[in-house]
Amino acid sequence: MYKNSQDFPFTNILEDNWLTVRRELEQLSDRSFVEWPEKHLYQDGWDIFGLYAFGMKLDKNCQLCPETTKLVEQIPHLVTAGFSSLKPGTHIKPHTGYPDGVLRCHLGLVGCEGCGLRVGDETRGWEEGKTFVFDDTTEHEAWNRGTQTRIVLLLDFKYPVDEEQSNNLEDKSVMELLKGALPFFKKK
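Residues numbered from 1 in each chain as written. Predicted model: local features only at pLDDT ≥ 70, side-chain atom pairs only at ≥ 80, totals over all residues. Heavy atoms only, no water.

A closer look at the packing of aromatic side chains
Counted according to the given criterion, the structure contains 10 aromatic pairs. Look at F10 and F157: their rings are 5.0 Å apart centre to centre, the planes differ by 80°, and that puts the pair in the edge-to-face class. Taken together, the positions of F10 in helix α1 (residues 10-16) and F157 in strand β12 (residues 150-158) put the pair 147 residues apart, joining distant regions of the chain. Summarising the burial analysis for this pair, F10 and F157 share the class buried. The ring of Y2 has R124 lying over it, and the distance from NZ or CZ to the ring centre is 4.0 Å. Just above the ring of W126 sits the side chain of R150; from NZ or CZ to the centre is 4.5 Å. (Phe/Tyr/Trp six-rings, centres within 6.5 Å; stacked < 30°, edge-to-face > 60°. Helix = DSSP H or I, 4+ residues; strand = E, 2+ residues; numbered from the N terminus. Buried < 20%, exposed > 50% of the residue type's maximum accessible area, 1.4 Å probe, protein only. Lys NZ or Arg CZ within 6 Å of the ring centre and 35° of its normal.)

Encoded structure:
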């Protein structure tokens, strides 16, 4: 399910600085991106450029995007940050993410026309310079039916949970999180 972005103050900071983020994105080469690792969810056309992978800073990538890095480092309980790219014609099949206790935020940057994200029963399109937050454990799917590559700043963050839930989250999810982190470390 989608959440109210205004409940997370950092979304205003991202929206206020979206052009700075986009300028840094535009300086990256397509070769800087790697395929999203879960190939069973799509055919081709979903690529990522990581800044943080499950709490670990990817120094070389962060040096290429210093202003974006400063912005994401202000996000409380940041888990993952990077650029997510969907080429025209790409469809990410319905799936659920992991783990409970982590929310996902997208900041629309480029090529949002003709693209959509269904989370549960609600479908939204991205808008350049706007964020939305959703629960990644709710079934969702995404597509690019537009003519441009769609790129968003993708962020995962832990939302407030009590201490017992937090420990349980870390015990149950660390292996799943590490599986997803592998492409962030891959070099082309």
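Focus on the pairing of strand β8 (residues 115-119)
Taken across its 5 residues, β8 has 5 buried, putting it largely inside the fold. Because side chains alternate across β8, one face comprises the buried residues C115, L117 and V119, and the other comprises G116 and R118, equally buried. By the bridge criterion, 5 bridges tie β8 to strand β11 (residues 140-144) in an arrangement that is antiparallel. Residue pairing across strands places C115 opposite N144, the latter belonging to β11. When β8 meets strand β9 (residues 122-124), the two strands line up antiparallel, connected through 3 bridges. In the sheet register, L117 faces β9, and the bridge partner there is R124. (Pairing = 2+ DSSP bridges.)

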